[in-house]
Amino acid sequence: MQVGIIVAALRKHRLATFLIAAEIALACAVLCNAIFMFMERRRALNLDSGIQESALGVVQLSGFSSDNANDINARVTSALRAIPGVESVGVISAVPFGEPGIRAGVSTDEELEQPGGVLDFYLGDSAALQALSLRLVAGRMPEPAEYTPVAQYVPSNAPVLITQQLAERYWPGQSAVGRSLWALDTRFTVIGVVEHLIISQPGGGEALGNDWSLFVPASPGPYLAGRYIVRAMPDDLPRVFGQVARVVSSAAPDVVFDQSASRTLTELRTEFFHDATVMMGLLAGVIAALLGATALGIGGLASYWVEQRRKQIGIRRALGATRWDVLRYFQIENFMIVSVGVAAGLVLAYGLNLALMRFYELPRLPAMYLPLGAAALWILGQFAVLAPALKASMITPVQAIRSF
């Protein structure tokens, strides 16, 4: 009986009902996509790089020729290892969240007919691999004899460590150890699989996944010089990097010390995700403002209808309706309006997501966010109408008569 009465009443207020339902539909569409974008950025901030970032830092130099690269490597690594608290120093081509190193497309067959996507190639010596402390899940680590000189880009016919994500992508359900990849005019043989090793610039570029990277053992030389990974205890690392510039300048005064790129991995991660952090704050503000505006709209309409229906409410109370009956009437009415708006909003949410996918390369909206947004608006609607509904339930027949 309540539903029939409510539907009849809403037909007399078509414009107001349509406007509030349209507001809820728009709020639902924006809310679902905003929550999705917020969670995507939050997930990116918590990416597992596969290394202990709090214990690592990078030192980057420039301004030297390939002829004296070996000498620079020897002097700088010796000086850095002499800093109290430093556990290891290695030469490496790139680090996560830093400047990108070598990127190249690979193939899983020698004829290059089965492309495997674009991968990040990390080249490093044994000390660099030790500093990274990658978690091995299959196969073995490189042996000392497998660290060979770099021939322009990578060592020729080198063994490699690949990530678990790549192993499952290229050879699902099979062992990746002993398999081969082809890239940069050479063959790479997989000797081990590590759990994670994030690409240098996650979340964008040509890589199809955040762990689309591999480690190539290499010996320092003209094509592997100028970038050093330093490992120390997390508590000691800030003190160590406070001395790095002075130590490097003393050991190699003839090179340029890159202050902006020579930092701890924690600092590099923070800077790399700075824009994502700001965007999360903006999205949180948008979500809060959207919910607040929607709540005010629902509450304002309910308050207006309470004032417009004082006489009807008084008559219902005089005929025996209880306060609970009046309260329930407004709650059911609001639930019906919100439900219509939510139903339209769920369709609109997918339409908005398709537009974002087309123009901003946003991933497809997962279905799980639709009931989440709908539930949020249903709950918000019930709370927003609670105060006007309680006010309506307190109206007595005498008060209603005196107001006319």
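Residues numbered from 1 in each chain as written. Predicted model: local features only at pLDDT ≥ 70, side-chain atom pairs only at ≥ 80, totals over all residues. Heavy atoms only, no water.

**Quick word on the overall build of the protein**
- A count of helices and strands for the protein gives 13 helices and 11 strands.
- Its C-alpha radius of gyration of 32 Å places the protein more than 25% over the 22 Å reference for a compact globule of 404 residues.
- With respect to the three principal axes, the spread of C-alpha positions in the protein is 100 × 50 × 30 Å.
- Per-residue burial for the protein yields a buried fraction of 48% across its 404 residues.
- Intrachain contacts of the protein at a sequence separation of at least 6 include 82% that bridge at least 24 residues.
- Within the structure as shown, the protein displays about 19,600 Å² of accessible surface, and the carbon and sulfur contribution to it stands at 60%. (Helix = DSSP H or I, 4+ residues; strand = E, 2+ residues; numbered from the N terminus. Rg over C-alpha atoms; globule rule 2.2 N^0.38 Å. Buried < 20%, exposed > 50% of the residue type's maximum accessible area, 1.4 Å probe, protein only. Contact = heavy atoms within 4.5 Å. Areas by Shrake-Rupley, 256 points an atom, 1.4 Å probe, with all protein chains shown as cover.)

**Observations concerning helix 9 (residues 310-318)**
- Buried within helix 9 are the following residues: R310, I313, G314 and R317. Buried residues along helix 9 cover an arc of 100° about the axis, so they all sit on one side. (Arc of directions from axis to C-beta.)

**Focus on the environment of G101**
- Among the secondary structure elements, G101 is positioned in the loop between strand 2 (86-91) and strand 3 (102-107).
- Excluding residues within four positions of it along the chain, G101 makes contact with S93, A94 and S200.

**Quick look at empty space enclosed by the protein**
- According to the stated counting rule, one finds 1 cavity of 30 Å³ or more in the structure shown.
- By volume, the largest cavity is sized at about 80 Å³.
- Contributing to the lining of the largest cavity are I20, I298, L301, A302, W305, F330, E333, N334, I337 and V385.
- Class assignment for the residues of the lining of the largest cavity results in 8 nonpolar, 1 polar and 1 charged. (1 Å grid on protein atoms, 1.4 Å probe; cavity = no way out; pocket = protein on both sides within 12 Å on 5 of 7 lines; lining within 4 Å. Points joined across faces, edges and corners; volume = space filled by probe spheres on them. Nonpolar A, V, L, I, M, F, W, Y, C, P; charged D, E, K, R; others polar.)

**Overview of the packing of helix 11 (residues 369-384) against helix 12 (residues 386-393)**
- Contact geometry for helix 11 and helix 12: axes closest at 5 Å, N-to-C directions at 35°. Of helix 12, the residues touching helix 11 (which contributes Q382, F383 and A384) are L386, A387 and P388. (Axes fitted to C-alpha atoms, helices over the stretch in contact; angles between N-to-C directions.)

**Here's the deal with the nonpolar core**
- One finds V59, L80, F121 and I162 to be the most contacted residues of the largest nonpolar core, which totals 50 residues.
- Sort the elements by how many residues they give to this core and helix 6 (residues 237-251) lands first, with 7 residues.
- For F121, the residues in contact, after removing those within four places along its chain, are S93, I102, A104, V106, V154, A183, F188, L214 and V216. (Core = buried A, V, L, I, M, F, W, Y, C linked by side-chain atoms within 4.5 Å.)

**Brief notes about the packing of helix 2 (residues 14-45) against helix 10 (residues 323-360)**
- One can describe the packing of helix 2 onto helix 10 by two numbers: an axis separation of 7 Å at closest approach and a directional angle of 45°. For the element pair helix 2 / helix 10, the angle class is oblique. As helix 2 runs across helix 10, the sense of the crossing is right-handed.
- The class makeup of the residues in the contact of helix 2 with helix 10 is 21 nonpolar, 5 polar and no charged. (Parallel < 35°, antiparallel > 145°, perpendicular 65-115°, else oblique. Left-handed = near helix turned anticlockwise from the far one by under 90°.)

**Some points on the packing of aromatic side chains**
- Applying the stated criterion to the full structure yields 9 aromatic pairs.
- Seen from their ring centres, F272 and F273 are 5.0 Å apart, and the 85° between their planes marks the pair as edge-to-face.
- On the accessibility criterion, F272 (25% relative accessible area) is partly exposed.
- Exposure remark for F273: the relative accessible area of 7% places this residue in the buried category.
- Counting every residue linked through ring pairs, the aromatic cluster contains F97, F272 and F273. (Phe/Tyr/Trp six-rings, centres within 6.5 Å; stacked < 30°, edge-to-face > 60°.)

**Some remarks on the pattern of salt bridges**
- Evaluated as defined, the whole model comprises 12 salt bridges.
- Of the charged contacts in the structure, one is a salt bridge between E195 and R135, with a shortest N-O distance of 2.7 Å. Of this pair, E195 sits in the loop between strand 8 (186-194) and strand 9 (213-217) while R135 is found in the loop between helix 4 (126-132) and strand 5 (136-139), placing the two residues 60 residues apart along the sequence.
- Of the charged contacts in the structure, one is a salt bridge between R239 and D236, with a shortest N-O distance of 3.9 Å.
- Taken together, the shared-partner salt bridges in this structure form one network comprising D48, R135 and E195. (Salt bridge = Lys/Arg side-chain N within 4 Å of Asp/Glu carboxyl O.)

**So, unusual backbone geometry**
- A positive phi angle, near 55°, is found at S133, a position not held by glycine.
- With respect to the helices, strands and loops of the structure, S133 is situated in the loop between helix 4 and strand 5.
- Notably, L184 is not glycine yet its phi reads approximately 55°, a positive angle.
- Within the element layout of this structure, L184 appears in the loop between strand 7 (180-183) and strand 8.

**A short note on the environment of S107**
- As for its placement among the helices and strands, S107 is situated in strand 3.
- The spatial distance from the C-alpha of S107 to the C-alpha of A183 is 6.6 Å, given a sequence separation of 76 residues.
- Aside from chain neighbours lying at most four places away, what touches S107 is L112, E113, Q114, P115, G116, L181 and W182.
- In terms of polar contacts, S107 uses its side chain to reach the backbone carbonyl oxygen of Q114, at 3.0 Å. (Polar contact = N/O pair within 3.5 Å; in protein donor to acceptor, adjacent residues only side chain to side chain.)

**Section: the sheet that holds strand 1 (residues 56-62)**
- The strand order 2-10-1-11 describes an open sheet built from 4 strands, whose pairing is antiparallel. What marks the edges here is a single partner per strand, and that holds for strand 2 and strand 11 (256-257).
- Here strand 1 pairs with strand 11 via 2 bridges, running antiparallel. Among the inter-strand pairings, L61 is bridged to a residue of strand 11, identified as F257. (Pairing = 2+ DSSP bridges.)

**Brief notes about a nonpolar patch on the surface**
- On the surface, I379, F383, L386 and L390 cluster together to form a nonpolar patch covering roughly 390 Å² of accessible area.
- Residue assignment for the nonpolar patch shows that the elements contributing at least two residues are helix 11 and helix 12.
- Mapped onto the secondary structure, L386 falls in helix 12. (Patch = residues over 30% accessible without salt bridge, like charges linked within 9 Å, V, L, I, M, F, W, Y side chains within 5 Å.)

So, to be careful, I would describe these as geometric facts and stop short of saying anything about function.
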